[in-house]
Amino acid sequence: QVQLVESGGGLVQAGDSLKLSCAASGLTFRIYTMAWFRQAPGKEREFVAAVSWIGGSTDYSESVKGRFTISRDNAKNTVILQMNSLKPEDTANYYCAAYYKGWGTNSGYEYDYWGQGTQVTVSS
């Protein structure tokens, strides 16, 4: 079965950096657009970043653009989210998601598979 397993979350201070990883198995990784979403307590899930399955194009939410970088390694079936200059408002549970041959949407409803999430807490 398909598994997406996130790691790398933790408690950091504002201004620090953190790297999240998502290890995928049970799917043909190279033909899935991979993305990160996040959800804070009492808030709706929101799109963070995506990297396409073809060409490696990337997309970011305005709130993280310039601070976060998403990348993928098709040889290792892994997607990385490098988060720099973290802010308290980045505090959330971060989820990895996979979208079969898709692109062009920030809606989580289009994504086929999800991980269990990893918690990121940024203190001020």
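Numbering of residues starts from 1 in every chain and runs along the sequence as written. A pLDDT threshold of at least 70 governs which residues receive local features in this predicted model, and a stricter bar of 80 or more applies before side-chain atom pairs are shown or counted, although totals over entire chains, interfaces and linings include all residues. To get the side-chain values, all heavy atoms of the structure are used, and hydrogens and water are removed first.

A. Molecular detail of the state of the cysteines. Disulfides are defined as cysteine sulfur pairs within 2.5 Å. If you walk through the whole model with that rule in mind, you get 1 disulfide. Each sulfur of the disulfide joining Cys22 and Cys96 lies 2.1 Å from the other. One quick way to see it: the torsion about the S-S bond of Cys22 and Cys96 is about -80°, and its sign makes the bridge left-handed. Of this pair, Cys22 sits in strand S3 (residues 18-25) while Cys96 sits in strand S9 (residues 92-100); the two residues are 74 residues apart in sequence, bridging distant segments of the chain. A run of DSSP states H or I qualifies as a helix once it reaches four residues; a run of E qualifies as a strand once it reaches two. Both are numbered from the N-terminal end.

B. Looking closely at the nonpolar core. We define a nonpolar core as any set of buried Ala, Val, Leu, Ile, Met, Phe, Trp, Tyr and Cys residues linked to one another through side-chain atoms lying within 4.5 Å. Relative accessibility thresholds used throughout: buried, under 20% of the residue-type maximum; exposed, over 50%; partly exposed, between the two (1.4 Å probe, protein chains only). Counting residues in hydrophobic clusters, the biggest one holds 30 residues, and the most contacted among them are Met34, Trp36, Val79, Leu81, Met83 and Tyr94. Contributions of two or more residues to this core are made by S3, strand S4 (32-39), strand S5 (46-51), strand S7 (68-73), strand S8 (78-83), S9 and strand S11 (118-123). Counting 7 residues, the second largest nonpolar core, distinct from the first, contains Ala35, Phe47, Ala97 and Tyr99.

C. Geometry of the packing of aromatic side chains. A pair of aromatic rings is counted whenever rings of Phe, Tyr or Trp (Trp by its six-membered ring) have centres within 6.5 Å, and the orientation is called stacked for planes under 30 degrees apart, edge-to-face for over 60 and tilted otherwise. Tallied over the entire structure, the rule returns 7 aromatic pairs. Here a set of aromatic residues connected by ring pairs shows up, and it is made of Phe37, Phe47, Tyr99, Tyr111 and Trp114. In our convention, an over-ring charge means Lys NZ or Arg CZ found within 6 Å of a ring centre and within 35 degrees of that ring's normal. Arg72 extends its terminal NZ or CZ atom over the ring of Phe29, reaching a point 4.5 Å from the ring centre.

D. Examining the environment of Glu44 more closely. Relative to the assigned elements, Glu44 resides in the loop between S4 and S5. A relative accessible area of 71% places Glu44 in the exposed class.

E. Geometry of the pairing of strand S1 (residues 3-7). Of the two faces of S1, only one is covered, namely that formed by Leu4 and Glu6; the face formed by Gln3, Val5 and Ser7 stays uncovered. Two strands qualify as a pair provided DSSP detects at least 2 bridges between them. Two elements, S1 and S3, share 5 bridges in a ladder whose sense is antiparallel. Opposite Ser7, over in S3, you have Ser21 as the bridge partner.

F. Structural view of the pattern of salt bridges. Every case where a carboxyl oxygen of Asp or Glu lies within 4 Å of a side-chain nitrogen of Lys or Arg is listed as a salt bridge. Overall, the coordinates contain 4 salt bridges when judged by the stated rule. The partner of Arg38 in a salt bridge is Glu46, with the nearest N and O atoms 2.6 Å apart. Its salt-bridge partner being Asp90, residue Arg67 comes within 2.8 Å of it at the nearest N-O pair. Here the residue Arg67 occupies a position in the loop between strand S6 (58-60) and S7, and Asp90 occupies one in the loop between S8 and S9, the gap between them amounting to 23 residues. When sorted by exposure, Arg67 lands in the same class as Asp90, which is buried. In this structure, a network of salt bridges that share partners links the residues Arg38, Glu46, Arg67 and Asp90.

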